[in-house]
Amino acid sequence: MLHTSIEIHDLTVSYQNKPVLWGIDCHIPIQQLTALIGPNGAGKSTLLKSMMGLIPIASGFVHFNGKTIDSMRKHISYMPQRESVDWDFPISVKEVVMMGRYSKLGLFKKPREADHLIVQECLRKVEMEKFADRQISRLSGGQQQRVFMARAIAQDTDFYLMDEPFSGVDAATEITLLDVLKQMRDNGKTIIVVHHDVQAVAEHFDNALLLNLRKTAMGSVKEVLTEHNLQQTYGGKLQILSDVGHLLSIEQKKTRLR
Amino acid sequence: MDAFWIILTGSITAIACALAGTFLVLRKMSMLSDAISHAVLPGIVSAFLLTGSRTGFPVLIGAGSVGLLSSFLIEYLHKRGRVQSDASIGVTFTWLFALGIILISTMGGNIDIDPDCVLYGEIAYVPLDLFSIGNILIPQALISMGSVLLLTLIIIFIAFKELTISTFDPEHAQSIGINTTMWHYILMGCVSLITVAAFDAVGAIIVVALFTAPPSAALLLSSRLSHVLILASLFGVIAAIAGYFLAIWMNGSIAGAMALITGIEVLCAIIISRVKFQLHSLAKQKMIEI
Ligand SMILES: Nc1ncnc2c1ncn2[C@@H]1O[C@H](COP(=O)(O)OP(=O)(O)OP(=O)(O)O)[C@@H](O)[C@H]1O
Ligand SMILES: [Mg+2]
């Protein structure tokens, strides 16, 4: 069990001495689709970044299949939030997705025919093949998001950490992209996705990690998406959330009765 | 022959500046070139005190490392000292520049460095300081600038992917194991070397124009990085040639005229990109009407 999971042990991360994550302890099972849920500023992006070794960890560790990030880098893709880059950069859609292949190519190496085919295939999966040669500034927000997802898929790794891949994506496209993710999971990929839509998480994901400075709950969506846990995570201020939690518990009772 | 050497030196300087400058502009760091161009002064003065020459490789390396040091200091003040990033630039370069001025003014008697010349350079004197290779005489400034350009070209050719990705998306770059800090300092090292090599020719103020204006103009006109690099270099060369003849015609400073031309290039690029945009929307309207 220990060696085939993502193990987060007593993870504490702080910005300028102000803790943002506090003593996070959990196992994320492999080959499943796990959602990371929490309010704005809960530390979701920080968790993904510290898992990737992009920001220093104050204490604790993260192990992928028992190994540290530095020896596992080649097996993990990270998709940052869309706002983290300058979309006026002079580069085409195709070239951005090709960046996903760079980790497999070395220094000095030019992309091969196979890499171009993979890039094309990934663009097709996110339904962006028509835009391959377009400059990225001439895309809508949702289209930019899909390009980022294509780049992550092009990395073809065992683990995927995605920061809000569905923000700004329309409902129909979200379903398409979720199907892509589910297919990847069925092919043995481990995928962690930051997602704000609790309803969609309940419907499409295997597990959920609820986060707000500390871990408030982690487990299969059926078990952890309860009214109580959501209240704990979001501070109980939002009526709508308790409504969602309530609806979910009714759903679950129904399925249990069936 | 003099005209040839001046235009050639100006063009090579402009190309080196345009290439490194494109990455600076894309990283929103063009003011770092301003900072480095002032910060290298104490390096140049001390190298001059030690070697008795204002050009040549010892000066290039000595003053170049002071430039690199200033980019370390700026980063340190910002990251560790938590000084605002623009303030840390302001503090660092004025401090180092002041150090250079003090060096010049206290050692003034035995130094033939003129603070004006540091700020504005004098490309017209380039053909006066010649270096012989076999039986050909080549300006010293051209040799240092040429070597620095070669180094810049080699780095861009070898590491085009790494530079592009760490400029576009540093987090993704780090996530696949690219050392973005190293590439930052390699770029800063290039900028420092270019600045020092260009210092004799165009001076500390004009070099900033060459770092920022041609890349900005090129970015308005092209949407592919490789084309932007080529276009920016071309704009640089045009500025060197047109600047030379403009200066001769006006009987003024050549470096000043070059900077003037780069400004006009940016203006033209803005107009062209506006017109292109208008034509685009016009064409779209036509399509809809049909
Ligand atoms: N670079 C930074 N320096 C200082 N504090 C930061 C920095 N980045 C984030 N923080 C703080 O850390 C906390 C967690 O931020 P984080 O970006 O991880 O939240 P998040 O859960 O991803 O939120 P969102 O849903 O808005 O994306 C926030 O309170 C934020 O103010
Ligand atoms: Mg976030």
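All values derive from a computational prediction rather than experimental measurement. (Residues numbered from 1 in each chain as written. Chains lettered and ligands numbered in written order. Predicted model: local features only at pLDDT ≥ 70, side-chain atom pairs only at ≥ 80, totals over all residues.)

(A) Structural view of the overall build of chain A. Each helix and strand counted, chain A has 10 helices and 9 strands in total. Among the 258 residues that make up chain A, the fraction classed as buried is 40%. Long-range contacts, defined here as pairs at least 24 residues apart, represent 64% of the contacts in chain A between residues at least 6 apart. (Helix = DSSP H or I, 4+ residues; strand = E, 2+ residues; numbered from the N terminus. Buried ≥ 20, exposed ≤ 12 C-beta atoms within 10 Å, placed from the backbone. Contact = placed C-beta atoms within 7 Å.)

(B) Here's a closer look at the overall build of chain B. Check the secondary structure of chain B and you find 12 helices and 2 strands. Element order for chain B, N to C, with α for helix and β for strand: α-α-α-α-α-α-β-β-α-α-α-α-α-α. In terms of overall dimensions, chain B is globule-like: its C-alpha atoms have a radius of gyration of 20 Å, near the 19 Å expected for 290 residues. Taken across its 290 residues, chain B has 49% of its residues classed as buried. For chain B, contacts bridging at least 24 residues in sequence account for 73% of all contacts bridging at least 6. (Rg over C-alpha atoms; globule rule 2.2 N^0.38 Å.)

(C) Representation of the domain arrangement of chain A within the structure. All names here are of chain A. Here chain A is described as being made up of domain 1 (5–225) and domain 2 (226–258). Inter-centroid distance (C-alpha atoms) of domain 1 to domain 2 is 26 Å. Opposite the 13 residues of domain 1 that make contact, domain 2 presents 10 residues. Broken down by secondary-structure element, the contributors of at least two residues to the side of domain 1 that touches domain 2 are helix 7 (198–204), strand 8 (207–212), strand 9 (214–220) and helix 8 (221–224). Tallying contributions element by element places helix 7 first for the side of domain 1 that touches domain 2, with 3 residues. Taken together, the residues of the side of domain 1 that touches domain 2 sort by class into 8 nonpolar, 4 polar and 1 charged. (Domains from an automatic or database assignment. Nonpolar A, V, L, I, M, F, W, Y, C, P; charged D, E, K, R; others polar.)

(D) Local environment of the site of ligand 1. Residues and elements named next belong to chain A. By nearness alone, every residue bordering ligand 1 is listed as Tyr15, Val20, Gly38, Asn40, Gly41, Ala42, Gly43, Lys44, Ser45 and Thr46. Ranked by the residues each element gives to the shell around ligand 1, the list is headed by helix 1 (residues 44–51), at 3 residues. Its residues assigned to classes, the shell around ligand 1 comprises 3 nonpolar, 6 polar and 1 charged. (Near = placed C-beta within 6 Å.)

(E) Up close: the sheet that holds strand 7 (residues 190–194) of chain A. Residues and elements named next belong to chain A. Taken together, 6 strands build an open sheet; the order of strands is 5-6-7-3-8-9 and the sheet is mixed. Here the strands that pair on one side only, and so sit at the sheet edges, are strand 5 (76–79) and strand 9. If you compare each strand with its neighbour and ignore which way they point, the axes differ by 15° on average. In this sheet, strand 7 lies alongside strand 6 (residues 159–162) in parallel orientation, the contact comprising 4 bridges. Across the sheet, the residue bridging to Phe159 is Thr190, located in strand 7. (Pairing = 2+ DSSP bridges. Axes fitted to C-alpha atoms, helices over the stretch in contact; angles between N-to-C directions.)

(F) Looking closely at the interface of chain B and chain A. On the side of chain A, 16 residues touch chain B, which itself brings 18 residues to the contact. If you list the elements that add at least two residues to the side of chain B that touches chain A, you get helix 8 (160–168), helix 9 (170–175) and helix 11 (225–250) of chain B. Looking at the side of chain B that touches chain A, the element that brings in the most residues is helix 9 of chain B, giving 4 residues. Of the residues contributing to the side of chain B that touches chain A, the split by class is 8 nonpolar, 6 polar and 4 charged.

(G) Quick peek at unusual backbone geometry. All names here are of chain A. Phi is positive for Asp10, close to 45°, though the residue is something other than glycine. One can find Asp10 in strand 1 (residues 5–15). Phi angles above zero are rare outside glycine, and Glu164 is one such case at about 45°. With respect to the element layout, Glu164 can be found in the loop between strand 6 and helix 6 (171–186).

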